[in-house]
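# Fold and geometry: a report
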Amino acid sequence: MRKTLMAAALTTGLSAGTAAVAETPIGLVIHGGAGTIERANLSPEQEQAYHDGLRLALEQGYAILQAGGSSLDAAIKAVTILEDNPLFNAGKGAVYTWDERHELDASIMDGATLNAGAVAGVSTVKNPILLAHKVMTESVHVMLSGAGAEQFAAEKGLEQVDNSYFNTEFRYEALKRMKAAEGALPHQAGLTRDPNWQMGTVGAVAIDSNGNLAAATSTGGMTGKRYGRIGDAPIIGAGNYADNSSCAVSATGHGEYFIRYQVASDICARVKYQGLSAKAAADAVIKDVLLPVGGTGGVIVVDANGELSWSFNTPGMYRGKIGSNQPALTAIFADD
């Protein structure tokens with residue numbers, strides 16, 4: 001496993017006040033999507049760029065925890081950084097819809113209160129995770145979508161951009177390959193999906209010095225999606241869940257399966273009611289429940305004891321973790 005040690009301020013040499021915080025079981029786990037990620041398809045330079053992007057999100061999110069900040073703030077910070085990185089399928093690097101636009105989804109959940117916020121199908125909000133947070137904290141709702149969500153974002157002063165801001169050349173090339181392979185069919189329900197087009201989401205789960213858990217997830221969805229398709233990322237209990245009595249989960253993968261099997265809440269329920277460790281619960285759902293029915297992807301998890309883990313059933317998942325007893329680590333492939 002590739003280990004990336006942070007600057008000394010993140011691991012040693014802390015002031016007395018910060019050291020007291022660092023002694024608590026704080027931690028952060030992040031992901032940048034799971035799927036058919038293989039060494040043969042990444043150059044050394046590309047591989048390094050992914051590690052660097054993950055490391056930056058870890059550094060800045062964990063710095064908030066070390067300073068005594070909340071798990072919510074740490075998760076939001078990490079996800080915002082990943083949204084701004086064009087390498088990942090969220091925010092700036094979001095995939096294209098069939099109509100050559102971008103429709104973004106995000107959600108966030110507070111494990112201390114079970115409060116949650118989500119947005120779906122937004123196309124002009126620079127950082128959808130910030131809008132999901134506003135929905136949670138400054139509205140009476142849990143989920144807003146489309147034009148209404150964008151109106152709410154404008155009223156709350158969030159940065160909005162033209163949809164072209166999210167454009168990236170390699171995502172556009174992926175759409176063209178997808179269309180060429182599948183052909184123009186009258187109804188997308190008849191499409192046979194390629195796993196390479198299903199994956200890509202970013203997320204973070206964290207535990208802070210007060211023992212509070214949080215989960216945040218953001219995505220551009222599925223390449224070539226049509227008809228306002230929405231996946232699991234903004235659906236509480238499917239792609240995102242946090243409960244201080246069990247665990248916090250952020251998922252990535254083929255969203256339709258994660259919705260049908262309520263993956264995130266199922267993992268937390270197994271921790272809460274069966275007494276499983278977060279890692280064991282995640283493995284049971286990802287490998288024993290999803291994989292046999294064709295559901296591919298993965299999750300990151302942190303439990304109430306500060307155990308940091310992940311599970312996935314694909315060749316790779318962009319991921320990283322850091323904690324009080326966990327030196328910073330980033331990884332990509334299954335055998336890392």
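Residues numbered from 1 in each chain as written. Predicted model: local features only at pLDDT ≥ 70, side-chain atom pairs only at ≥ 80, totals over all residues. Heavy atoms only, no water.

## Describing the confidence of the model for the chain
Basically, it comes down to this: A residue's pLDDT is simply how confident the predictor is in it, with values from 0 to 100. Whether two residues are in contact is decided by their heavy atoms: any pair within 4.5 Å suffices.
Looking at the chain as a whole, its pLDDT mean stands at 90, while 88% of the residues score no less than 70. Contacts from residues 1-22, a stretch scored under 50 in pLDDT, to residues over four places away or in other chains number 41 contacts. Across residues 186-197, where pLDDT falls below 50, the model places 26 contacts with residues more than four positions away in sequence or in other chains.

## Focus: the environment of Ala-328
Keep this limit in mind: Here a helix means four or more residues in a row that DSSP labels H or I, a strand means two or more in a row labelled E, and each is numbered from the N terminus. Partly exposed describes any residue whose relative accessible area lies between the buried limit of under 20% and the exposed limit of over 50%, with all areas from a 1.4 Å probe on protein chains only and scaled to the type maximum.
Looking at the secondary structure, you find Ala-328 in strand S12 (residues 326-333). The class of Ala-328 is buried, set by a relative accessible area of 1%. Residues Ala-328 and Tyr-62 lie 266 residues apart in sequence; the distance between their C-alpha atoms is 9.6 Å.

## Describing the sheet that holds strand S11 (residues 316-323)
Operational definition: Here a strand pair is declared whenever DSSP counts at least two bridges between the two strands. Helix axes are fitted to C-alpha atoms over the stretch in contact, other axes to C-alpha atoms as well, and angles between N-to-C directions run from 0 to 180 degrees.
Taken in spatial order, the eight strands of this open sheet run S4-S3-S2-S6-S5-S1-S11-S12, and their pairing is mixed. With one partner strand each, in any of the chains shown, strand S4 (143-145) and S12 form the two edges of the open sheet. Averaged over all pairs of adjacent strands, the angle between their axes in this sheet comes to 5°, without regard to strand direction. Packed onto the sheet, helix H4 (residues 71-83) meets strand S1 (27-35), strand S2 (104-110), strand S5 (202-207) and strand S6 (213-219) and runs at close to 160° relative to S5.

## Considering the packing of aromatic side chains
Selection rule: Aromatic contacts are taken between Phe, Tyr and Trp rings whose centres are within 6.5 Å, Trp giving its six-membered ring; a plane angle under 30 degrees counts as stacked, one over 60 as edge-to-face, and the others as tilted.
Scanning the entire structure with this criterion turns up five aromatic pairs. Centre to centre, the rings of Tyr-50 and Phe-88 are 5.6 Å apart; their planes meet at 75°, and the pair counts as edge-to-face. Here Tyr-50 is found in helix H3 (residues 44-66), whereas its partner Phe-88 is found in the loop between H4 and S2, with 38 residues between them in sequence. We note that Tyr-50, like Phe-88, is buried. With a centroid separation of 6.1 Å and 80° between ring planes, the pair formed by Phe-88 and Tyr-318 is classed as edge-to-face. Separated by 230 residues along the polypeptide, Phe-88 in the loop between H4 and S2 and Tyr-318 in strand S11 bring together distant segments of the chain.

## Some words on the sheet that holds strand S9 (residues 297-303)
Whether parallel or antiparallel, the strands of a sheet pair through hydrogen bonds between backbone atoms. Strand order in the open sheet made by the four strands is S7-S8-S9-S10, with antiparallel pairing throughout. Where the open sheet ends on each side, the last strands, each with one partner, are strand S7 (240-242) and strand S10 (308-312). Across this sheet, the average inter-strand angle for adjacent strands is 15°, counted without regard to direction. Looking at chain direction, strand S8 (residues 247-253) and S9 are connected through seven bridges and run antiparallel. The residue bridging Ala-251 from the neighbouring strand is Val-299, located in S9. Most of the contacts of helix H9 (residues 263-274) go to S8, to which it runs at about 145°, and overall it touches S7, S8 and S9. Where helix H10 (residues 278-290) meets the sheet, it contacts S9 and S10, and its direction lies at approximately 10° from that of S10.

## Some details on the pattern of salt bridges
Rule in force here: We define a salt bridge as a contact between a side-chain nitrogen of Lys or Arg and a carboxyl oxygen of Asp or Glu at a distance within 4 Å.
Applying the stated criterion across every chain yields a total of 13 salt bridges. Between Lys-126 and Asp-84 there is a salt bridge whose closest N-O contact spans 3.2 Å. Separated by 42 residues along the polypeptide, Lys-126 in the loop between strand S3 (116-122) and helix H5 (128-138) and Asp-84 in the loop between H4 and S2 bring together distant segments of the chain. Across the pair Lys-279 and Asp-283 runs a salt bridge, and its minimum N-O distance is 3.4 Å. Here Lys-279 and its partner Asp-283 are both found in helix H10, four residues apart, which amounts to about one turn of the helix.

## Structural notes on the environment of Ala-174
Tracing the sequence through the fold places Ala-174 in helix H7 (residues 169-182). It is 9.0 Å that separates the C-alpha atoms of Ala-174 and Gly-224, two residues lying 50 residues apart in sequence.

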